[in-house]
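Here's the letter readout for the chains.
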Amino acid sequence: MLKNDFIGLLSKYSYANRSLLYQNLLSFLISKFLNFKNDFDFHLEGDEKYINICIDNNGLFLFIDLDEDSMSIRYNQSEFYIFINEIALDELKMLLENFFEGKYLIKSFVNKDLIVKQELLFTNQCLKKYNQVDIYSNKDSTTIFEKEGYNWIRSFT
């Protein structure tokens, strides 16, 4: 789906019976999606209880699942799971902005072409507590790859 169609459809999920936090988060996400690159393929599913978003950039996928209590973001084998009622809205916005703008480093620890551990490390020191480690195996890594985060926001230059 085209970005403008996606934004219009997503705006319809701002029901009056939703919490103020949810409404604010949805408005923030819409404002960020407006700055995503136009050539992405946007997908949206949802009902009154949840929204599932998939953004495809030629095989590079970003998944966002949102309901009244939680939000999960999946990208490049990393997943955030956030209880939106347990984080200040300003901090959540800063976390999402940094994520969408690629202001993090992904360290992958590999053994025989398989990722055994992966770290997602934010460059903003205020967000260090959200750094995460995903462990997929108890094997020792033989190689470490570092990759800068992906910037989903289009360039205006």
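For every chain, the first residue of its written sequence is number 1, and the numbers climb from 1 along that sequence. Given that the model is predicted, a residue must reach a pLDDT of at least 70 before its local features are reported, and side-chain atom pairs must reach 80 or more before they are shown or counted; all residues, however, enter totals for whole chains, interfaces and linings. Excluding hydrogens and water, the side-chain values take into account all heavy atoms of the structure.

Below, the discussion takes up the sheet that holds strand E6 (residues 104-111). Taken together, four strands build an open sheet; the order of strands is E8-E7-E6-E9 and the sheet is antiparallel. Because the sheet does not close on itself, it has two edges, and the strands there are strand E8 (132-135) and strand E9 (143-148). The average angle at which neighbouring strand axes cross in this sheet is 15°, direction not considered. By this definition, two strands are paired if DSSP reports at least two bridges between them. Helix numbering and strand numbering both begin at the N terminus, where a helix is a DSSP run of H or I of at least 4 residues and a strand a DSSP run of E of at least 2. Both E6 and strand E7 (residues 114-122) contribute to a ladder of eight bridges, which runs antiparallel. Each residue of the ladder has a partner; that of Phe-109, found in E7, is Lys-117. Every axis corresponds to a line fitted to the C-alpha atoms, with the helix fit spanning only the stretch in contact, and the corresponding angles, defined between N-to-C directions, vary from 0 to 180 degrees.

Pairing of strand E1 (residues 41-46) with strand E2 (residues 50-57) involves six bridges; the strand directions are antiparallel. Each bridged residue has a counterpart across the sheet, and for Leu-44 the counterpart in E2 is Ile-53. What sits between E1 and E2 in their antiparallel hairpin is a turn of three residues.

With that settled, consider the packing of aromatic side chains. Aromatic pairing here means that ring centres of Phe, Tyr or Trp (its six-membered ring) are within 6.5 Å. Orientation follows from the plane angle: under 30 degrees is stacked, over 60 is edge-to-face, and everything else is tilted. For the structure shown, the criterion picks out 18 aromatic pairs. Residues Phe-40 and Trp-152 carry aromatic rings whose centres are separated by 5.3 Å and whose planes lie at 75° to one another, so their mutual orientation is edge-to-face. Taken as a pair, Phe-40 in the loop between helix H2 (20-33) and E1 and Trp-152 in the segment after E9 lie far apart in primary sequence, 112 residues in all. A relative accessible area of 3% places Phe-40 in the buried class. Relative accessibility thresholds used throughout: buried, under 20% of the residue-type maximum; exposed, over 50%; partly exposed, between the two (1.4 Å probe, protein chains only). For Trp-152, a relative accessible area of 0% corresponds to the buried category. A ring pair is formed by Phe-99 and Phe-100, whose centres lie 6.2 Å apart and whose planes are at 65°; its orientation type is edge-to-face.

Another point: the environment of Leu-34. For Leu-34, the position within the fold is in the loop between H2 and E1. Contacts are assigned to residue pairs that have any heavy atoms within 4.5 Å of one another. Filtering out sequence-adjacent residues up to four positions away, Leu-34 remains in contact with Lys-3, Ile-7 and Arg-154.

Along the polypeptide, Leu-25 turns up in helix H2. Of the residues examined, Leu-25 reaches a relative accessible area of 0% and is grouped as buried. Between the alpha carbons of Leu-25 and Asp-90 there is a distance of 9.9 Å; along the sequence they are 65 residues apart. Setting aside its immediate chain neighbours within four residues, Leu-25 contacts Leu-66, Met-71, Ile-84, Leu-89, Leu-92 and Leu-96.

The interhelical angle for the contact between helix H1 (residues 3-11) and H2, taken along N-to-C directions, is 175°, at an axis separation of 11 Å. Relative to H2, H1 is oriented roughly antiparallel. Side by side, H1 and H2 meet where Lys-3, Phe-6, Ile-7, Leu-10 and Ser-11 of the first sit next to Leu-26, Ile-30 and Phe-33 of the second. Under the scheme applied, nonpolar residues are Ala, Val, Leu, Ile, Met, Phe, Trp, Tyr, Cys and Pro; charged residues are Asp, Glu, Lys and Arg; polar residues are all the others, including Gly. Split by residue class, the contact of H1 with H2 holds six nonpolar, one polar and one charged. Put simply, angles under 35 degrees are roughly parallel, angles over 145 are roughly antiparallel, angles from 65 to 115 are roughly perpendicular, and the rest are oblique.

Once that is clear, we can look at H1. Looking at H1, one finds that the buried residues are Lys-3, Phe-6, Ile-7 and Leu-10. Buried positions in H1, seen along its axis, are confined to an arc of 100° and lie on one side of it. For H1, the elements touching its buried residues are H2, E1 and E2. What the arc measures is the spread of directions leading from the helix axis to the C-beta atoms.

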